[in-house]
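Okay, here's what each chain looks like letter by letter:
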Amino acid sequence: MSPLSRRDLLKGAGSTALSLLLCNLGCGGEPQETARKQEPATTSVPEPPRYAVADYRGWEDIYRTQWTWDRVAKGTHYVNCWYQGHCNWNVYVKDGVAFREEQVATYPRTNAEVPDFNPRGCQKGACYSQRMYDAGRLRYPLKRAGKRGEGKWTRISWDDALREIADRTIDELRSSGPAGIVWDFGTANSNGCNGLGLHRTGLVLDTPILDMNAEIGDHHPGAVVTTGKMTFASSADDMFYSDLILLWGGNPIYTQIPMAHFITEARYRGATIVSIAPDFNASSIHTDLWVPVAPGTDAALGLAMAQVMIAENLHDERFIREQTDFPLLVRKDTRKFLRESDLKVGGADDVFYVFDRASKEVSQAPKSTLSLGSLDPALDGEYKAETKAGKVAVEPVFAVFRRHVASYTPEAVSKITGTTPDLIRDLARRIARAKAATSLTQSNFSKYYHGLEMERAQILVMTLAGQVGKKGSGFTGFPFISLGNFDALNATSGSLSPKMGMIALGTQMAPAMLKAKYNGDTTEMFIYNAAREAYKKGGYLASALYLHRVGGLDVNSGRSREWDPHIKRDLEQYVEEAIAKGWQIVPAMAPRIMFEVGGNMFRRVRGYDQLIKTFLPKLDMLVTVDWRISNTALHSDYVLPAAGWYEKDDIAWATTIAPFASVTTRAVEPLGESKSDWEFHALLLKTIQARAKERRQPTFQDRAKKERRLDAVYDEFSFGRRYTEENTEEFLGEILSLNTNLNGATWDTLKEKGFERYTDIGMGIASIGNATDMKPDETITANTWHTKDKMPWPTLTRRLQFYIDHEFYLELGEELPVHKDNPSIGGNYPLQMTGGHTRWSIHTSWRDHPNMMRLERGEPTMVVNPADLAARGLQDGDLARARNDIGSFEIRVKVSTSVRPGQVIVYHAWEPYQFKGNRSYQGILPAPLNPIQLAGGYFHLQPYMLTGEPGHNDRGTRIEVEPIAASRT
Ligand code: SF4
């Protein structure tokens, strides 16, 4: 017998092992039977067992078979990953199951000077195929069987659920009217048919939709006050032209995972990266300079830098003369702008004046352009203006500001921020001297009570340095870009011929018209004005104010005066005044029916538990459409299963940071009985229409007391049955055929490629503010229409406006950007609780997914400095009680030296049911309304969709943390 070679042995052993493995994998009895019949090997080369003739070459093929598929479809994640999203993925399908996904690295490079966007994606998206099929996935419609929130359900058919819901909806429409029904769309909107399904439903039934953008704290009030708009952001690759990048108010390593590589690449190119944050966070690690700043003191830091720039004459006078209100004259007697109406009878309230050093006269500031022409406005000095009532003393805003900012010396501010004076000076000089400095701010400061001032101060710093609207520079507002005709589709009335309606409104969005003039205003102003007028009709409701008035949140959100020493009146007086003057719009009637379609109100809202106590009992019916049991679903009367993100066709919304429209496609059939959002809305309206006919109740009165057909709502919704639940792809094709800014993409081409780069910003209300031309081979730099083309900013003064002479601003001492200490919200407790979006989930979508939970501690945690832990007798991993005047919750503490003493962090979006007693950190957040955000009736200070309304806050809420006996793990 010749000896076996090592190779032979391995070969034989491999075959045996393979046979066992195959048996373990469920090959049945056949391999064992085969093995019994097999003769022992008697030769030097053992005979392979019979099953080895199968189509594999060795053990590796077991794994290879796992990587075979029937088809590959394009997909993305229909979730609010906002600054990160959306990304193009290949979704691999086998036997009707989406079993894995892979990033598609085919994004084009904008030009040879900048890096490309590849690959785009994050670890959450990389495991969505597992999330989609995990135990938490809803498969069937459910009807509540026990008490609300008890978790007892009975299965119900779609037909029965829709009929019962439709009947109740009809009853409400015909008794209380449409105001008795409200929709909460949360953040799961889309640029295609699924988002449109909700907006058209609201339009057809005249039922209001909650605008939750301010309530979640993404409304950028300081940006709106200063620039007249919320939306503007440059593309991520524009950073490659920056030599100074400030991470000021964000942690992009957590929250912009697909984009973060640009920061690193810019750094390799030579840019200096600066992190300005209270904590030494995951992004700070990758920077050249960390500027520690106490929570909520960024306005003081900004004002100190402004003081340095002005004291050292580093500010860009040419830029601020042209682009800002600094040269405009203010009356010393009234502290208000000098207006034409002051000078002559019948004069305008929005014509302003400068002192022209050339003519030495008070001269009218140009309104239709930022170009100064021959004017040479003074920035300092005191002058006389001849008004209707005689001569008055006036001075430029800049002179007022120079005095105002003088007290914000680095030495004084250092006591507020904890940042050393030298560091403040150094940073101010760096920003002023940089060739191109940019600030990557995210939606963080809006979540502070005085966040409006923090944003104003940030924009002030960048403006004084002239770092706005030039390549590689700028300040990030709310990033968004939409299909050119998106708003038109939303607004198209069913009474119009559907195609004509879409075309008529869609072609208005043509890029050539973008800079057209409407009654002397720019297109940007025209759109904002139209949006403000539309908002008054009540299609969308300011969520925070609505829940304050009718949801019972006012017990805590109305306690502003208790904590804010600057308020001289009770909050309710400001609220009543704002409503009485028409500045804010909120109905007095509480709803009796609510549909939760894409959001999670009873997790999301600060003070959600108060809503469960006081708002939920007012609802006769709460319906949730979701793919998982959220806390809102848990408290609902009906829960309807939504299709997963690889189970429906749609176009995701996008931002100019990554200016690509991405698709998600129906790679597989919806699991169980789940349905897409578009199908749900179509079927609900179809059932309402059918039931209205059967019940002989053909009409209802809308909120304007006009009669509408109830027995035709589905026909109207579906554009005369042209686009229904059965032809989603055809509808998407139509949307794209009428679109203006996606390079002529059709649904077929988009579905095949997965994404397309936007060609211009479109004319959507949430998109127009980018105010820039887009070129295929250039990075996007926001706001160049203003800085290069001299198009006025959409503010009252048509300039970047730092002086606001609104009565609330004057009363509260905020006519200029100011620092105010973060109030002791929640009571007099030593710790400030802050937060931020987590690295391991997008909102709650992955919060309880094992893959993500095993990357952290697998349960809610609070990050605490070791000194604070020790002072309280706590150790890492202990369960602790956090409490304040509002309530308490229990949470495990996690020690980290990256968090400063006095600050604790709870990262975002744990579900209440992940805490003991269903009490999450959101339950002790009173989110008091700041009256400054109620100001209105002032051209650009008026509510419209997504902003201009009061928002909620959570950052810096005061708490104490204490041990719970015997909690140590
Ligand atoms: Fe991209 Fe968002 Fe999906 Fe992550 S979750 S891969 S950021 S689309």
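Basis of the calculations
Residues numbered from 1 in each chain as written. Predicted model: local features only at pLDDT ≥ 70, side-chain atom pairs only at ≥ 80, totals over all residues. Heavy atoms only, no water. Helix = DSSP H or I, 4+ residues; strand = E, 2+ residues; numbered from the N terminus. Buried < 20%, exposed > 50% of the residue type's maximum accessible area, 1.4 Å probe, protein only. Contact = heavy atoms within 4.5 Å. Areas by Shrake-Rupley, 256 points an atom, 1.4 Å probe, with all protein chains shown as cover. Near = heavy atom within 4 Å. Nonpolar A, V, L, I, M, F, W, Y, C, P; charged D, E, K, R; others polar. Phe/Tyr/Trp six-rings, centres within 6.5 Å; stacked < 30°, edge-to-face > 60°. Lys NZ or Arg CZ within 6 Å of the ring centre and 35° of its normal. Core = buried A, V, L, I, M, F, W, Y, C linked by side-chain atoms within 4.5 Å. Patch = residues over 30% accessible without salt bridge, like charges linked within 9 Å, V, L, I, M, F, W, Y side chains within 5 Å. Salt bridge = Lys/Arg side-chain N within 4 Å of Asp/Glu carboxyl O. Axes fitted to C-alpha atoms, helices over the stretch in contact; angles between N-to-C directions. Parallel < 35°, antiparallel > 145°, perpendicular 65-115°, else oblique. Left-handed = near helix turned anticlockwise from the far one by under 90°. Arc of directions from axis to C-beta. Pairing = 2+ DSSP bridges. Expected span 1.5 Å × (residues − 1).

Draft legend 1. The overall build of the protein, seen in detail. Within the protein one finds 35 helices and 34 strands. By residue count, 64% of the 969 residues in the protein fall in the buried class. A sequence separation of at least 24 residues applies to 75% of the contacts in the protein between residues at least 6 apart. Accessible area of the protein: about 34,500 Å², with a carbon and sulfur share of 51%.

Draft legend 2. Representation of unusual backbone geometry in the model. Omega for the peptide link from Gly-85 to His-86 comes to 0 degrees, which places this bond in the cis form. Residue placement: His-86 occurs in the loop between strand S1 (71-75) and strand S2 (89-94). A cis geometry characterises the amide bond from Asn-118 onward to Pro-119, with omega recorded as -15 degrees. Mapped onto the fold, Pro-119 is located in the loop between strand S3 (97-103) and helix H4 (128-131). Even without glycine at this site, Asn-313 takes up a positive phi of about 55 degrees. With respect to the helices and strands, Asn-313 occurs in the loop between helix H11 (298-311) and helix H12 (317-323). According to the relative accessible area criterion, Asn-313 is exposed, its value standing at 57%. Non-glycine residue Asn-783 carries a positive phi angle of around 75 degrees. For Asn-783, a relative accessible area of 4% translates into the label buried.

Draft legend 3. Quick look at the site of the ligand. Around the ligand lies a shell formed by Thr-76, His-77, Cys-81, Gln-84, His-86, Cys-87, Trp-89, Gly-121, Cys-122, Gly-125 and Pro-258. When the residues that make up the shell around the ligand are grouped by side-chain class, the tally is 5 nonpolar, 6 polar and no charged.

Draft legend 4. Inspection of the packing of aromatic side chains at higher detail. Inspection of every chain in the model, using the stated rule, returns 39 aromatic pairs. Judged by centre distance (3.8 Å) and plane angle (10 degrees), the ring pair of Phe-355 and Tyr-383 falls under stacked. Here Phe-355, found in strand S12 (residues 353-356), pairs with Tyr-383, found in strand S14 (residues 383-387); they are 28 residues apart in sequence, far enough to count as distant. The same class applies to Phe-355 as to Tyr-383, namely buried. On the basis of an interplanar angle of 40 degrees and a centroid distance of 5.3 Å, the ring pair of Tyr-528 and Tyr-944 is categorised as tilted. Taken together, the positions of Tyr-528 in helix H20 (residues 523-535) and Tyr-944 in the loop between strand S33 (903-905) and strand S34 (957-963) put the pair 416 residues apart, joining distant regions of the chain. Given the relative accessible area of 3%, Tyr-944 is considered buried. A connected cluster of aromatic rings, assembled from ring pairs, spans Tyr-107, Phe-117, Phe-262, Phe-660 and Phe-755. In this arrangement the basic side chain of Arg-155 is found over the ring face of Tyr-140, its NZ or CZ atom lying 3.5 Å from the centre.

Draft legend 5. Representation of the nonpolar core. Judged by nonpolar contacts, the single largest core of 136 residues is most densely connected at Phe-326, Phe-401, Ile-431, Leu-464, Met-833 and Met-862. No other element matches H11, which puts 10 residues into this core. Residues in contact with Phe-326, not counting those within four places in the same chain, are Ile-320, Leu-379, Pro-396, Val-397, Phe-398, Phe-401, Leu-460, Leu-464 and Phe-802. Among the nonpolar cores identified, the runner-up in size contains 129 residues, and Val-91, Ala-98, Ala-233 and Ile-780 belong to it.

Draft legend 6. Representation of the environment of Leu-547. Note on placement: Leu-547 falls in helix H21 (residues 543-550). For Leu-547, the contacting residues outside a window of four places in its chain are Glu-215, Gly-552, Leu-553, Met-601, Val-605, Leu-611 and Phe-615.

Draft legend 7. Layout of a nonpolar patch on the surface. Residues Trp-59, Tyr-63, Trp-67, Trp-69 and Val-72 make up a contiguous nonpolar surface patch of about 570 Å² in total accessible area. Here Trp-67 lies in the loop between helix H3 (60-66) and S1.

Draft legend 8. Focus on the packing of H11 against helix H16 (residues 421-433). The N-to-C vectors of H11 and H16 enclose an angle of 70 degrees; their axes lie 9 Å apart at closest approach. Between H11 and H16, the angle is such that the two are roughly perpendicular. Crossing hand, H11 versus H16: right-handed. Taking contact as the criterion, the partners of Leu-301, Ala-304, Met-305, Val-308 and Met-309 in H11 are, on H16, Ile-424, Arg-425, Leu-427, Ala-428, Ile-431 and Ala-432.

Draft legend 9. Spatial organisation of helix H15 (residues 410-417). Here H15 has its buried residues at Pro-410, Val-413, Ser-414 and Thr-417. Take H15 and look down its axis: the buried residues cluster within an arc of 115 degrees, on one side only. Each element contacted by the buried residues of H15 is listed here: strand S10 (289-292), H11 and H16. Trailing H15 by a residue or two, Gly-418 shows a phi angle of about 80 degrees, which is positive.

Draft legend 10. Fine view of the packing of H11 against H15. One can describe the packing of H11 onto H15 by two numbers: an axis separation of 9 Å at closest approach and a directional angle of 170 degrees. Comparing their axes, H15 and H11 come out roughly antiparallel. When the axes of H11 and H15 are compared, the crossing they make is left-handed. Counted together, Ala-300, Leu-301, Ala-304, Gln-307 and Val-308 of H11 and Pro-410, Val-413, Ile-416 and Thr-417 of H15 form the full contact between these two elements. The residue inventory of the contact of H11 with H15, partitioned by class, reads 7 nonpolar, 2 polar and no charged.

Draft legend 11. Quick look at the sheet that holds strand S17 (residues 474-475). Pairing within the open sheet is parallel, and its 5 strands lie in the order S10-S9-S8-S16-S17. Every interior strand has two partners, whereas the edge strands, S10 and S17, have only one. Each of strand S8 (244-248) and strand S9 (272-277) touches H11; the most contacted strand, S8, lies at about 150 degrees to it.

Draft legend 12. Structural detail: helix H17 (residues 451-464). With 14 residues, H17 should reach 20 Å at 1.5 Å per residue; the first-to-last C-alpha distance of 20 Å fits that figure. H17 sits mainly inside the fold: 14 of its 14 residues count as buried. Trailing H17 by a residue or two, Gly-466 shows a phi angle of about 70 degrees, which is positive.

Draft legend 13. Local environment of the pattern of salt bridges. Under the criterion given, the structure shown has 76 salt bridges. Among the salt bridges present, the one from Glu-647 reaches Arg-137, with a minimum N-O distance of 2.6 Å. Of this pair, Glu-647 sits in strand S24 (residues 647-651) while Arg-137 is found in the loop between H4 and strand S4 (142-144), placing the two residues 510 residues apart along the sequence. Note on accessibility: Glu-647 and Arg-137 belong to one class, buried. In this structure, the salt-bridge partner of Arg-321 is Glu-317, at a minimum N-O distance of 3.3 Å. Linking Arg-321 with Glu-317, this pair stays in helix H12, spanning 4 residues, or about one helical turn. Residue classification places Arg-321 among the buried positions, given a relative accessible area of 9%. Judged by its relative accessible area of 27%, Glu-317 is partly exposed. Counted as one network, the salt bridges with shared partners bring together Asp-167, Asp-171, Arg-691, Glu-694 and Arg-695.

Draft legend 14. Local environment of the sheet that holds strand S30 (residues 861-864). With mixed pairing, the 6 strands of this closed barrel are ordered in space as S29-S33-S30-S32-S31-S34. Adjacent strand axes in the sheet meet at a mean angle of 45 degrees, parallel and antiparallel pairs treated alike. Looking at chain direction, S30 and strand S32 (residues 888-895) are connected through 4 bridges and run parallel. By the bridge assignment for S32, Met-862 is matched with Val-893.

Everything listed here is a matter of geometry and, on its own, says nothing about what the molecule does.
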